[in-house]
Amino acid sequence: MDNKIIIIQGYLAAGKSVFAERLSQALQIPCLIKDTFKTALCNTVPIEDRKMSSRFSAVTFDGMLYVAEKLLEVGCPLMLEGNFVPAGVKDRDEAEAIRTLLEKYQAVSLTFKFKGDTHVLHRRFAEREKLPERGQANRIGSQVLYEDFDKWCHNMDSFDIGGKIIQIDTTDFALVDYEEMIQEARQFMEGKGRS
């Protein structure tokens, strides 16, 4: 039986984490959410500036891959959620690192790519930054200009680890059929509808 992994990737403030938690409960499989993973790692470490936060983001990604590998070693399906990027955006090609892990364990993947109107997402992002539950480790700490935000989002467009990709537009959450997405994931886990 193939190892299975679901990737929830995409734009900032597009609703990835909320969906990941919902899908994890629906499928009863573990989900590693980048922001909450980073918060857990940095619980006792003060994040003093954006540069330090970026370094901990890289550490978080490495930690997530380590846990993912341990789960794949024993044939446990899992989900990874985050704003993962392809080559050329960060020092590390996160897409290639995930793809290498999948190849090592002969895992098949389903990717949900969350996108949307970046003007709307930018407003959501600014509001989210004010929330106390956002946590120090995940805050930008300064106002983010729309042009920078738009660039950050579009840096993720070419992320591709192979497997089936489902694009989700979350400009308006009310128009998203989450139940259909959960059904797609169930079919993938059962080995149906793979492409």
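Everything here concerns the structure above.
Just so it is clear, the structure is predicted and the values come from calculations on it, not from any experiment.

Visitor: Just to check I follow, could you spell out the overall build of the protein chain for this structure?
Guide: Of regular secondary structure, the protein chain possesses seven helices and five strands. Starting at the N terminus and walking to the C terminus, you meet the elements of the protein chain as β-α-β-α-α-β-α-β-α-α-β-α. A total of 195 residues make up the protein chain; the buried ones form 47% of that total. Across the protein chain, contacts joining residues at least 24 apart in sequence account for 79% of those joining residues at least 6 apart. For the protein chain, the exposed area adds up to about 10,200 Å²; of that, 52% sits on carbon and sulfur atoms.

Visitor: Is there a simple way to explain the sheet that holds strand E1 (residues 3–10) in this structure?
Guide: In a beta sheet, neighbouring strands are held together by backbone hydrogen bonds and run either parallel or antiparallel to one another. A sheet is described by the order of its strands in space; here five strands give the open sequence E2-E3-E1-E4-E5, paired in parallel fashion. A single partner strand is all that each edge strand has here, and the edge strands are strand E2 (31–33) and strand E5 (164–169). Averaged over all neighbouring strand pairs, the angle between strand axes comes to 15°, with direction disregarded. Across eight bridges, E1 lies against strand E4 (residues 107–115) in parallel orientation. From the neighbouring strand, Ile-7 faces E4, where its bridge partner is Thr-111. Packed onto the sheet, helix H2 (residues 34–41) meets E2 and strand E3 (78–82) and runs at close to 70° relative to E2. Packing of helix H7 (residues 178–189) onto the sheet brings it into contact with E1, E4 and E5, and relative to E4 it is tilted by some 170°.

Visitor: I keep staring at the pairing of E4 and nothing clicks. Help me out?
Guide: Sheet faces and side chains relate simply in a regular strand, where the side chains alternate between the two faces. By the criterion of burial, E4 is predominantly enclosed, with eight of the nine residues buried. Pairing between E4 and E5: six bridges, direction parallel. Of the residues in E5, the one forming a bridge with Phe-114 is Ile-168.

Visitor: I'm lost on helix H1 (residues 16–27) in this one. Help?
Guide: Because each turn of an α-helix spans 3.6 residues, side chains separated by three or four positions end up pointing in the same direction. For H1, spanning twelve residues, the distance from its first C-alpha to its last is 16 Å, which sits close to the expected 16 Å at 1.5 Å a residue. Of all the positions in H1, only Lys-16, Phe-19, Ala-20, Leu-23, Ser-24 and Leu-27 are classed as buried. With its buried residues spanning 135° around the axis, H1 presents them on a single face. In H1, the exposed positions angled more than 90 degrees off the buried face are occupied by Val-18 and Gln-25. Buried positions along H1 lie against E1, E2, E3, E4 and H7.

Visitor: Please explain the nonpolar core as it appears in this structure.
Guide: Across soluble globular proteins, nonpolar side chains show a tendency to be buried alongside one another. Residues Ile-6, Ile-8, Phe-19, Leu-23 and Phe-112 are the most contacted members of the largest nonpolar core, which totals 33 residues. Sorting the residues of this core by element identifies E1, H1, E2, E4, helix H5 (118–129), helix H6 (146–154), E5 and H7 as the ones contributing at least two each. Ranked by the residues each element gives to this core, the list is headed by H7, at five residues. Apart from the residues within four sequence positions on either side, Leu-23 is in contact with Ile-6, Ile-8, Met-79, Phe-112, Ile-182 and Ala-185. Judged by nonpolar contacts, the second largest core, of 22 residues, contains Leu-65, Leu-78, Leu-102 and Ala-107.

Rules used in this analysis
Residues numbered from 1 in each chain as written. Predicted model: local features only at pLDDT ≥ 70, side-chain atom pairs only at ≥ 80, totals over all residues. Heavy atoms only, no water. Helix = DSSP H or I, 4+ residues; strand = E, 2+ residues; numbered from the N terminus. Buried < 20%, exposed > 50% of the residue type's maximum accessible area, 1.4 Å probe, protein only. Contact = heavy atoms within 4.5 Å. Areas by Shrake-Rupley, 256 points an atom, 1.4 Å probe, with all protein chains shown as cover. Pairing = 2+ DSSP bridges. Axes fitted to C-alpha atoms, helices over the stretch in contact; angles between N-to-C directions. Expected span 1.5 Å × (residues − 1). Arc of directions from axis to C-beta. Core = buried A, V, L, I, M, F, W, Y, C linked by side-chain atoms within 4.5 Å.

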